[in-house]
2 protein chains.
Amino acid sequence: MNPQAIDTYFKEYRETHLEELKAFLRIPSVSSLSEHKEDVRSAAEWLKASMEKAGLENVKVDETAGHPVVYADWLHAEGKPTVLVYGHYDVQPVDPLHLWETGPFDPQVRDNKLYARGASDDKGQTFMHVKAVEALLQLNGELPVNMKFIIEGEEEIGSPNLPVYVQENQELLKADLIVISDTGMQGPGRPAVCYGLRGLAGIQIDLTGPKGDLHSGLYGGAVQNPLHAISEILASFHDEDGVITVDGFYDNLVPVSDEERAEFAALPFDLDEEKKALGITEDFGEKGYSFIERTWIRPTLEINGITGGFSGEGIKTVLPSEASAKITCRLVPGQDPDDIVAKLKAHVESHKPAGVTVSISEFDKGKPFLTPYDHPAIQAAGRSYEKVYKVPTAFTRMGGSVPIVAAFDEILGLPVVLMGFGLSSENFHAPNEHFHLENFDQGLRVISDYLFEAANL
Amino acid sequence: MNPQAIDTYFKEYRETHLEELKAFLRIPSVSSLSEHKEDVRSAAEWLKASMEKAGLENVKVDETAGHPVVYADWLHAEGKPTVLVYGHYDVQPVDPLHLWETGPFDPQVRDNKLYARGASDDKGQTFMHVKAVEALLQLNGELPVNMKFIIEGEEEIGSPNLPVYVQENQELLKADLIVISDTGMQGPGRPAVCYGLRGLAGIQIDLTGPKGDLHSGLYGGAVQNPLHAISEILASFHDEDGVITVDGFYDNLVPVSDEERAEFAALPFDLDEEKKALGITEDFGEKGYSFIERTWIRPTLEINGITGGFSGEGIKTVLPSEASAKITCRLVPGQDPDDIVAKLKAHVESHKPAGVTVSISEFDKGKPFLTPYDHPAIQAAGRSYEKVYKVPTAFTRMGGSVPIVAAFDEILGLPVVLMGFGLSSENFHAPNEHFHLENFDQGLRVISDYLFEAANL
């Protein structure tokens, strides 16, 4: 590979690439909302056309029981490894809309940052892989490795149909290595390769008290208020030290070595800076663990939403019939999502106050994932980052879940390299999501280089 | 008083009275809707004419910043007490109109029930007081007590202008006793005198954690989740026995006598029937008190709404920036709304978990009201009911608040007797409002008798 030629190419096409990415971002492919079903499909079709233009072959929009999967490949590097790139073209909902400075589907560049829903998570990063392939094919007429792409439209709703797709297409998806860019860097100019992700398990708790809303003056005090009951249940999940009190929650955790914990402790991390960035005055979490450890190697239980009663302006003296809460747990190696859901249910049942009935529904689950951090494919990714960013690469874990990573690991039995270009400040899942364009630029170079590194694995 | 003569009189004039009441009910005096502004005034004028015809004096339609107040008096019972009658001539809106069997402003008698908006609440009951005065003046040429009437046109919108009117007309409204017929009986044939209402104090709690919504996977476990914090705060308001744990909340409560509690216990009340009606399997509330006591004589703290995080369908793994809750307390004698709000604030501050900031706003307040159960004016009302209905009168309190009652109590410093003739089945505020005419007939006799009882107070 000639880094100079690559560099020149990406500079020359920068505006073209950005305009193309903006077109991709204008499609409101919110996978969780049924009114956007056709938009999700449009994003898949857009991606297909973009891949064909890049020179990828066998490009197709494959049906699933939900939103489609986009597949593509280039298989002419005989005797060389095959790299499977996974990404997603669906995005999170955009509410609260009024907090966006510019429309979530009206991409705008401000201060070298591209603002739009999906700019970073994950349309932007997926797009970079397509453009790296296009660049190498344009410059060299060939790729250093065989490539396969599998880009789904349901990541933000927990990839409900991808495992079946992967299961049914094991031959098609045969590869040596999976590369995913859907994670973050350690900070501006500080690249990271992620080798572990937390898993996911969640439930919705629906409580019902009286059969209709009651006047809280006439009945308050004598009828269990579902909002009281849900508060009690929710408050019972943690003790005062931030430890989760669900019976058996921490059973069978795979121990984290002192060496790994020492590596985490050595990472450049400024707690005060982090607190400032988040706008918090105190950090809070499980006693005995650092901020990094709490988010990477410890399981969590978070309430994601509570609803019930009157939420308008002013006062309404209602004792509501119903109250609901959504909670999700992040899981670490050793925890099984089904087992955790069963334990959550048992906890809710045993903490249910008198006078309400409880109904629990399950959300999609994801297993935790871990690739040894000294795996050659991981170390090679570190080298590619270092060549472009000119600083040592951090080897990290991540607090989030990419459920499909665990499924890939399980079904295809391949090492997974998580090489992301996002920054934690980029408001994934929140208003004003954006992508720092210096990482778009550098990332294109890192990805291109990694294909050459992968050729030698 | 000659009960026989009164009886004969009301029988003789029954049709005339009903026709007059129907004319009153035909006026759509909906106070909340600006298109009915002139109708509200027409109702006031109609009432003025009816009062003049009855023999009341100094009848006037007094302006306020909103709908007018109708005043009238008869002050020739020298040396005798003065009874001030409060009522309202405005009515609730009528939607959904299609559920009315006959028009809301087309009064019809079916099965000895008079159907129309306002038939029971409160035109019918107000009208009865005017007709009782007319009857006594017709029969005796005089009243046993001095009388004043203050009938407002804004009760259904929360009496926004009446407190100012009362404040500015303290001399005009000077009396010994206030009588209000705007509450319900215990059931068919079961008269009740209400002598206590709970007051109201409430706050909204707004918690802020991180400055924006965060991804619960990336930050969960290391950043305080405002939904956890609000659950902890809300769960801290009660102990497991339903006792409110706010410091000093029960200070200075006016004790309820064993005699009063015995009266409550003796009231016909079927808990199983009540539970069935409410659709609950268990009753729940402060330990040591009955269902009736929990709603009438004990203060409460109810959560009326909780908001925060994601409330849509499915899952969104958000750690929200904000969480809010609305709570209202019902207060009993001895509790001051301002003091309770201060105590609620102190409780929230002292139970605020680490990592969130709290902001508290106050709602409108209302003082509790109580005329002592053994007050002669209350007991006299019970005797009047008993003479007519031939069963013992229930002495009750009510869980709700009627802010204007507390205002009368506070500004004028008078005992208030709530002697109602409505039934809870009569659809106040709902389609097909009606008034059981046996209570119209009996009520005229009770009210007439009560004026003689009041003469001896």
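Here the structure is a predicted model, which means the values were calculated and not measured.

Engineer: Now, about the overall build of chain A: what can you tell me, with residues and values included?
Structural biologist: Each helix and strand counted, chain A has 14 helices and 18 strands in total. Relative to a compact globule of 457 residues, whose C-alpha radius of gyration would be 23 Å, chain A shows 23 Å and is just as compact. A principal-axis box enclosing the C-alpha atoms of chain A has dimensions of 80 × 50 × 45 Å. In chain A, buried positions account for 61% of the 457 residues. In chain A, 79% of the contacts between residues at least 6 apart in sequence involve partners at least 24 apart. Here chain A has roughly 16800 Å² of accessible surface; of this, 48% comes from carbon and sulfur atoms. Here chain A carries 39 positive and 71 negative side-chain charges, and the mean point of each set is 2 Å from the other.

Engineer: Just give me the short version of the interface of chain B and chain A, but keep the residues and values in it.
Structural biologist: Contacts between the two partners involve 71 residues from chain B and, on the opposite side, 79 residues from chain A. Summed over both sides, the interface between chain B and chain A buries roughly 6000 Å², with carbon and sulfur atoms accounting for 58% of that surface. The interface formed by chain B and chain A contains 0 salt bridges. Taken together, chain B and chain A are joined by 34 residue pairs in polar contact (both at pLDDT 80 or more).

Engineer: So what's going on with the UniProt feature "domain: Peptidase M20 dimerisation" (unreviewed entry) in chain A? Which residues, and what values?
Structural biologist: As annotated by UniProt and renumbered to match this structure, "domain: Peptidase M20 dimerisation" (unreviewed entry) occupies residues 195–354 of chain A. The straight-line gap between the two end C-alpha atoms of residues 195–354 of chain A is 46 Å; of that span, 32% is helix and 23% is strand.

Engineer: So what's going on with the side chain of D449(B)? Which residues, and what values?
Structural biologist: All names here are of chain B. When you line up the elements, D449 lands in helix 14 (residues 437–455). With relative accessibility at 10%, the residue D449 sits in the buried group. Within polar-contact distance, the side chain of D449 engages the side chain of S384 at 2.7 Å.

Engineer: Provide a residue-level description of the domain arrangement of chain A, including the pertinent values.
Structural biologist: All names here are of chain A. Assigned domains within chain A: domain 1 (3–197 + 368–455) and domain 2 (199–250 + 298–362). Computed from C-alpha coordinates alone, the two centres of domain 1 and domain 2 are separated by 36 Å. Counting residues at the interface gives 7 residues for domain 1, matched by 7 residues for domain 2. The contact between domain 1 and domain 2 buries some 520 Å² in all, and 63% of this surface belongs to carbon and sulfur atoms. Across the domain 1-domain 2 interface, the total number found is 0 salt bridges. Residues of the side of domain 1 that touches domain 2, tallied by class, amount to 3 nonpolar, 3 polar and 1 charged.

Engineer: Describe in detail the pairing of strand 1 (residues 57–62) of chain B, supporting the description with residues and values.
Structural biologist: Residue and element names in this part refer to chain B. The sheet contact formed by strand 1 and strand 2 (residues 69–74) spans 4 bridges and is antiparallel. By the bridge assignment for strand 2, V61 is matched with V70. If you look at the hairpin formed by strand 1 and strand 2, you'll find 6 residues sitting between the two strands.

Engineer: With reference to specific residues and values, describe unusual backbone geometry.
Structural biologist: Backbone torsion omega between D95(A) and P96(A) reads 0 degrees, so that peptide bond is classified as cis. Mapped onto the secondary structure, P96(A) falls in the loop between strand 3 (82–88) and strand 4 (108–110). Residue D122(A) is reached from D121(A) by a cis peptide bond, and omega for that bond is 5 degrees. Along the chain, D122(A) falls in the loop between strand 5 (113–115) and helix 4 (123–140). Of note in this structure, K390(B) is not a glycine but carries a positive phi near 65 degrees.

Engineer: Run through helix 13 (residues 403–412) of chain B, naming residues and quoting values.
Structural biologist: Residues and elements named next belong to chain B. Extensive coverage of helix 13 is indicated by the burial of 7 of its 10 residues. I404, V405, A406, A407, F408, I411 and L412 are the residues of helix 13 that are buried. For helix 13, the secondary structure elements touched by its buried residues are strand 3 (82–88), helix 5 (162–168), strand 7 (177–180), strand 8 (192–197), strand 15 (369–370) and strand 17 (416–419). Of the residues flanking the end of helix 13, it is G413, one or two places downstream, whose phi is positive at about 65 degrees.

Engineer: Hey, could you go over the environment of L271(A) for me, with residue numbers and the actual values?
Structural biologist: Mapped onto the elements, L271(A) comes out in helix 9 (residues 271–278). For the pair L271(A) and E282(A), spaced 11 residues apart in sequence, the C-alpha separation works out to 9.9 Å.

Engineer: For the nonpolar core, give the residues involved together with the corresponding values.
Structural biologist: Membership of the largest hydrophobic core comes to 76 residues, with the highest contact counts inside it found for M51(B), M147(B), F149(B) and V417(B). Of the residues forming this core, the biggest block, 10 residues, is contributed by helix 14 of chain B. Not counting residues up to four positions away in its chain, the partners in contact with M147(B) are A72(B), D73(B), W74(B), L75(B), T82(B), V83(B), V85(B), V133(B) and L451(B). Core analysis: the next-biggest nonpolar cluster, separate from the first, contains 75 residues, A44(A), V59(A), V417(A) and F435(A) among them.

Engineer: Run through the packing of aromatic side chains, naming residues and quoting values.
Structural biologist: By the definition in use, this model includes 26 aromatic pairs over all chains. With 6.4 Å between their ring centres and 80 degrees between their planes, F435(A) and F440(A) make a pair best called edge-to-face. No difference in accessibility class separates F435(A) from F440(A), as the two residues are buried. Their ring planes at 45 degrees and their centres at 6.1 Å tell us that Y385(B) and Y389(B) sit as a pair that is tilted. Of this pair, Y385(B) and Y389(B) both sit in helix 12 (residues 376–389), 4 residues apart, which is roughly one turn of that helix. Owing to a relative accessible area of 0%, Y385(B) belongs among the buried residues under this scheme. By relative accessible area, Y389(B) is classed as buried at 10%. Taking NZ or CZ as reference, K60(A) lies 5.5 Å from the ring centre of Y71(A), over its face.

Engineer: Please set out the sheet that holds strand 11 (residues 300–309) of chain B residue by residue, giving values where relevant.
Structural biologist: Spatial ordering of the open sheet is given by 14(A)-9(A)-13(A)-11(A)-11(B)-13(B)-9(B)-14(B), a layout of 8 strands whose pairing is antiparallel. Unpaired on one side and paired on the other, strand 14 (357–362) of chain A together with strand 14 (357–362) of chain B mark the two borders of the sheet. Direction aside, neighbouring strands of the sheet carry axes that sit 25 degrees apart on average. In the sheet, strand 9 (residues 199–208) of chain A pairs with strand 13 (residues 322–331) of chain A via 10 bridges, with the strands oriented antiparallel. Bridging from a neighbouring strand, A201(A) pairs with C329(A) of strand 13 of chain A. Sheet contacts for helix 7 (residues 226–235) of chain A: strand 9, strand 11 (300–309) and strand 13 of chain A together with strand 11 of chain B; angle to strand 11 of chain B, the most-contacted strand, approximately 65 degrees. Strand contacts of helix 11 (residues 337–351) of chain B: strand 9 (199–208), strand 11, strand 13 (322–331) and strand 14 of chain B, with the helix running at about 25 degrees to strand 9 of chain B, the strand carrying the most contacts.

Engineer: Any chance you could break down the sheet that holds strand 5 of chain A for me, citing the residues and the numbers?
Structural biologist: Neighbouring strands of a sheet are bound in pairs by backbone hydrogen bonds; such pairs are parallel or else antiparallel. Residues and elements named next belong to chain A. With antiparallel pairing, the 3 strands of this open sheet are ordered in space as 4-5-18. Looking at which strands have only one partner, the edges of the open sheet turn out to be strand 4 and strand 18 (434–436). Geometrically, the sheet is characterised by an average inter-axis angle of 25 degrees between neighbouring strands, direction not taken into account. Sheet topology places strand 5 next to strand 18; 3 bridges connect them, and they run antiparallel. Residue pairing in the sheet places L114 in a bridge with F435 of strand 18.

Engineer: Outline helix 14 of chain B, supporting the account with residue identities and numerical values.
Structural biologist: Over its 19 residues, helix 14 of chain B extends 27 Å from the first C-alpha to the last, a length consistent with the 27 Å expected when each residue adds 1.5 Å. With respect to burial, helix 14 of chain B is a largely interior element, 17 of its 19 residues being buried.

Rules and cut-offs
Residues numbered from 1 in each chain as written. Chains lettered and ligands numbered in written order. Predicted model: local features only at pLDDT ≥ 70, side-chain atom pairs only at ≥ 80, totals over all residues. Heavy atoms only, no water. Helix = DSSP H or I, 4+ residues; strand = E, 2+ residues; numbered from the N terminus. Rg over C-alpha atoms; globule rule 2.2 N^0.38 Å. Buried < 20%, exposed > 50% of the residue type's maximum accessible area, 1.4 Å probe, protein only. Contact = heavy atoms within 4.5 Å. Areas by Shrake-Rupley, 256 points an atom, 1.4 Å probe, with all protein chains shown as cover. Lys, Arg positive; Asp, Glu negative; His and termini not counted. Charge placed at Lys NZ, Arg CZ, Asp CG, Glu CD. Buried area = accessible area lost by both parts, 1.4 Å probe. Salt bridge = Lys/Arg side-chain N within 4 Å of Asp/Glu carboxyl O. Polar contact = N/O pair within 3.5 Å; in protein donor to acceptor, adjacent residues only side chain to side chain. UniProt positions renumbered as here; feature names shortened; annotations may be inferred. Domains from an automatic or database assignment. Nonpolar A, V, L, I, M, F, W, Y, C, P; charged D, E, K, R; others polar. Pairing = 2+ DSSP bridges. Core = buried A, V, L, I, M, F, W, Y, C linked by side-chain atoms within 4.5 Å. Phe/Tyr/Trp six-rings, centres within 6.5 Å; stacked < 30°, edge-to-face > 60°. Lys NZ or Arg CZ within 6 Å of the ring centre and 35° of its normal. Axes fitted to C-alpha atoms, helices over the stretch in contact; angles between N-to-C directions. Expected span 1.5 Å × (residues − 1).

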